[in-house]
Amino acid sequence: MTPTSEQEIADILRSANRGVGLSGGGTRAGDPPDDLLAISTRGFSGIIDYQPGTLTLVVRSGTPLSEVEAVLDESGQCLMFEPPRHNRIMSSTDESTIGGVIATNASGPRRVQWGSCRDFVLGTRFVTGNGRILSSGGRVMKNVTGYDLSGLLCGSQGSLAVLTEISIKVLPRSRSSATLAITGLGCADALKALSTAMATPHEITGAAYLPGAGPDDSRTLLRIEGLERSVRQRSAAIGAALTEFGAIDACNDHERNVELWSTIRDAEILAGQEGSLWRINTAADICGDLIVRLQGLIDMDYIVDWAGALLWVVTRHDGDIRDQIGDIPFSATLIRPAGALNIARFHPPMEGARKILSGIKHVFDPRNILNPHIDLTGSRPSP
């Protein structure tokens with residue numbers, strides 16, 4: 001089903017007598033089980049209001065991400081949280097919707113400087129599991145008051161409500177950038193270099209480590225964006241702070257930098273790798289310990305983003321890597337399972353958090369019909 005209005009979505013949910021599988025562009029998860037009532041938000045699309053002068057955009061949830069970004073680009077603006085595309089790593093030809101981006105809290109490399117997708121959502125309209133149409137927040141910053149229900153829905157994977165309308169803060173797009181690269185560093189030294197750079201006051205908007213095929217192929221990458229003169233000055237200052245780590249190559253070609261960081265944003269380097277793909281969040285200062293632990297247990301390839309707080313891992317392993325990591329704090333999401341691997345997609349929360357999540361789910365979706373195959377409490381799927 002492809003409803004074209006908010007009221008139609010509400011009527012469908014109110015009368016639904018079985019589970020409902022929600023989808024936007026279909027680029028971030030597999031197809032819902034066949035026994036669910038499939039609903040796509042793609043029919044509910046379009047930009048409602050865009051005010052470049054006040055840096056605000058109001059858009060329907062089914063609007064393709066490319067359409068949103070094209071409109072913003074005409075005014076020299078962008079979604080500063082840099083939403084990633086999962087097309088390549090999911091082997092999908094579909095296109096992300098803005099609602100799917102918000103529902104997954106999808107955030108790219110700029111998160112190290114600008115925060116996550118959630119930080120740019122001013123307000124939402126949504127339909128709960130029992131068909132109630134509600135709103136939270138507002139369309140401009142001064143109207144954002146009360147409980148942050150919009151922030152709660154970001155990252156809820158469509159398990160709490162159907163997003164219908166989203167108000168987003170946008171910002172000017174950078175026209176100049178530089179990428180500083182150090183080649184040949186091992187993981188420990190690379191993470192130390194990233195940490196050293198992030199401790200400077202020079203507003204780094206990307207910090208990644210690509211191990212490469214061999215030790216000499218690795219690249220430790222830092223991105224600086226802004227006005228051309230500022231980029232030059234900050235690049236020089238960061239380079240001076242990193243002299244102990246070796247020679248630094250600087251690329252000031254903005255188009256090349258955009259292309260490079262897009263591949264990092266989308267984890268494209270791992271797209272052709274066979275195995276299960278995991279997205280792991282951890283503290284940047286223990287990322288190195290986590291990588292060493294994993295490498296001692298399984299055959300894997302990986303890349304590091306967010307200065308060590310985000311780890312993309314492809315494993316040639318039949319089980320759940322979460323059972324083997326031990327006492328290192330982390331949260332792992334299974335993005336793409338290998339073969340018939342039947343394990344929970346989301347990291348099981350602690351018991352206290354599990355109870356809170358269950359209570360929130362009951363308030364928003366008392367009949368448990370919204371995306372019942374997506375369980376954020378971390379329960380194991382049925383065989």
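Residues numbered from 1 in each chain as written. Predicted model: local features only at pLDDT ≥ 70, side-chain atom pairs only at ≥ 80, totals over all residues. Heavy atoms only, no water.

A. Layout of the pattern of salt bridges. Throughout the structure, instances matching the rule amount to 17 salt bridges. For the salt bridge of D73 with R173, the shortest nitrogen-to-oxygen distance reads 2.9 Å. You can see D73 sitting in helix 2 (residues 65–74) and its partner R173 sitting in the loop between strand 9 (171–172) and strand 10 (176–183), a full 100 residues away along the chain. The exposure class assigned to D73 is partly exposed, which follows from its relative accessible area of 40%. Between R223 and E225 there is a salt bridge, and its shortest N-O distance comes to 3.7 Å. Like E225, R223 is buried. (Salt bridge = Lys/Arg side-chain N within 4 Å of Asp/Glu carboxyl O. Helix = DSSP H or I, 4+ residues; strand = E, 2+ residues; numbered from the N terminus. Buried < 20%, exposed > 50% of the residue type's maximum accessible area, 1.4 Å probe, protein only.)

B. Fine view of helix 8 (residues 254–265). Between its first and last C-alpha, helix 8 extends 16 Å over twelve residues, near the 16 Å set by a 1.5 Å rise per residue. Of all the positions in helix 8, only H254, N257, L260, W261, S262, I264 and R265 are classed as buried. Close packing links the buried residues of helix 8 with strand 10, strand 11 (204–210), strand 12 (219–226), strand 13 (249–251) and strand 15 (300–305). The N-terminus of helix 8 is capped by D253, whose side-chain oxygen sits 3.1 Å from the backbone nitrogen of E255. (Expected span 1.5 Å × (residues − 1). Contact = heavy atoms within 4.5 Å. Polar contact = N/O pair within 3.5 Å; in protein donor to acceptor, adjacent residues only side chain to side chain.)

C. Region of the structure containing the nonpolar core. Grouped together as the largest cluster of nonpolar side chains are 40 residues, with contacts concentrated most on L222, I280, L294, Y302 and L311. Counting residues per element, this core draws most heavily on helix 6 (residues 187–198), at six residues. The contacts of L311, once residues within four sequence positions are left out, are W278, R279, I280, L290, I291, L294, Y302, I303 and V304. With 29 residues, the next largest nonpolar core counts I98, I102, F120 and L160 among its residues. (Core = buried A, V, L, I, M, F, W, Y, C linked by side-chain atoms within 4.5 Å.)

D. Main features of the sheet that holds strand 3 (residues 47–51). Read from one edge of the open sheet, five strands run 3-4-8-6-7, paired in antiparallel fashion. Strands at the two margins of the open sheet, each flanked by one partner only, are strand 3 and strand 7 (133–137). Averaged over neighbouring strand pairs, the angle between their axes works out to 15° when direction is ignored. In terms of strand pairing, strand 3 meets strand 4 (residues 56–60) through four bridges, oriented antiparallel. Pairing of Y50 across the sheet is with L57, part of strand 4. Together, strand 6 (121–128), strand 7 and strand 8 (161–169) form the strand contacts of helix 1 (residues 6–15), whose direction differs from that of strand 6 by roughly 45°. (Pairing = 2+ DSSP bridges. Axes fitted to C-alpha atoms, helices over the stretch in contact; angles between N-to-C directions.)

Everything listed here is a matter of geometry and, on its own, says nothing about what the molecule does.
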